[in-house]
Amino acid sequence: QVQLVESGGGLVQAGGSLRLSCTASGRTFDTYYMAWFRQAPGKEREFVAGMYWSGGSASYADSVKGRFTVSGDTAKNTVYLQMNSLKPEDTAVYYCQWMTYGPTTYWGQGTQVTVSS
């Protein structure tokens, strides 16, 4: 009932910036939480940032706090991840997570972020 499309990944040098987007379509009226995860080759998927659709404070992993910002546009059913001061250790496939009251959790297709030293 919900379809997600991610975009914004790419190749950047250390210290650069990228902005990821995740747009939902379909039955989005019951959305309550959105988050970003990432997974490097051979590693477990880890939480990066998240926020409630209704507002409130966002949460971040310690490794990205102060560098990444998660935000949402309710009119566009879109969640963003602004990534600044990127480091090589940020290299991973980034996935958006979309949670509804259904209850259902949806995942984006993933977008590759590669940071060179």
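Here the structure is a predicted model, which is why all the values come from computation and not from measurement. (Residues numbered from 1 in each chain as written. Predicted model: local features only at pLDDT ≥ 70, side-chain atom pairs only at ≥ 80, totals over all residues. Heavy atoms only, no water.)

Quick look at the pattern of salt bridges
Consideration 1: A complete count under the given rule lists 4 salt bridges for this structure.
Consideration 2: Linking arginine 38 and glutamate 46 is a salt bridge whose minimum nitrogen-to-oxygen distance equals 2.8 Å.
Consideration 3: Where aspartate 90 meets arginine 67, a salt bridge forms, and the shortest distance between an N and an O atom there is 2.8 Å. Pair noted here: aspartate 90 is in the loop between strand 8 (78-83) and strand 9 (92-100) and arginine 67 is in the loop between strand 6 (59-60) and strand 7 (68-73), with a separation of 23 residues, a long-range link.
Consideration 4: Connected through salt bridges with shared partners, the residues Arg38, Glu46, Arg67 and Asp90 form a single ionic network. (Salt bridge = Lys/Arg side-chain N within 4 Å of Asp/Glu carboxyl O. Helix = DSSP H or I, 4+ residues; strand = E, 2+ residues; numbered from the N terminus.)

Observations regarding unusual backbone geometry
Consideration 1: One non-glycine residue with positive phi stands out, namely asparagine 77, at about 50°.
Consideration 2: Among the structural elements, asparagine 77 can be located in the loop between strand 7 and strand 8.
Consideration 3: Here serine 85, not a glycine, exhibits a phi torsion of approximately 50°, which is positive.
Consideration 4: Within the secondary structure, serine 85 sits in the loop between strand 8 and strand 9.

Thoughts on the sheet that holds strand 3 (residues 18-26)
Consideration 1: Reading across the sheet, the 4 strands line up as 1-3-8-7 and stay open at both edges, with antiparallel pairing between neighbours. Two strands lie at the open edges of the sheet, namely strand 1 (2-7) and strand 7, each paired on one side alone. Adjacent strand axes in the sheet meet at a mean angle of 15°, parallel and antiparallel pairs treated alike.
Consideration 2: As judged from the 6 bridges shared by strand 1 and strand 3, these two strands associate in the antiparallel manner. Counted as the bridge partner of glutamate 6 is cysteine 22 from strand 3. (Pairing = 2+ DSSP bridges. Axes fitted to C-alpha atoms, helices over the stretch in contact; angles between N-to-C directions.)

A few points about the nonpolar core
Consideration 1: Grouped together as the largest cluster of nonpolar side chains are 28 residues, with contacts concentrated most on Trp36, Leu81, Met83, Tyr94 and Trp98.
Consideration 2: With residues up to four places along the chain from it excluded, the contact list for tyrosine 94 reads Glu6, Leu20, Phe37, Arg38, Val48, Phe68, Leu81, Met83, Gly110, Thr111 and Val113. (Core = buried A, V, L, I, M, F, W, Y, C linked by side-chain atoms within 4.5 Å. Buried < 20%, exposed > 50% of the residue type's maximum accessible area, 1.4 Å probe, protein only. Contact = heavy atoms within 4.5 Å.)

Concerning the state of the cysteines
Consideration 1: Counted according to the given criterion, the structure contains 1 disulfide.
Consideration 2: Each sulfur in the disulfide pair cysteine 22 and cysteine 96 lies 2.0 Å from the other. Across the S-S bond linking cysteine 22 and cysteine 96, the dihedral sits near 45°, which makes this disulfide right-handed. Of this pair, cysteine 22 sits in strand 3 while cysteine 96 sits in strand 9, placing them 74 residues apart in sequence. Each of the two residues, cysteine 22 as well as cysteine 96, counts as buried. (Disulfide = S-S within 2.5 Å.)

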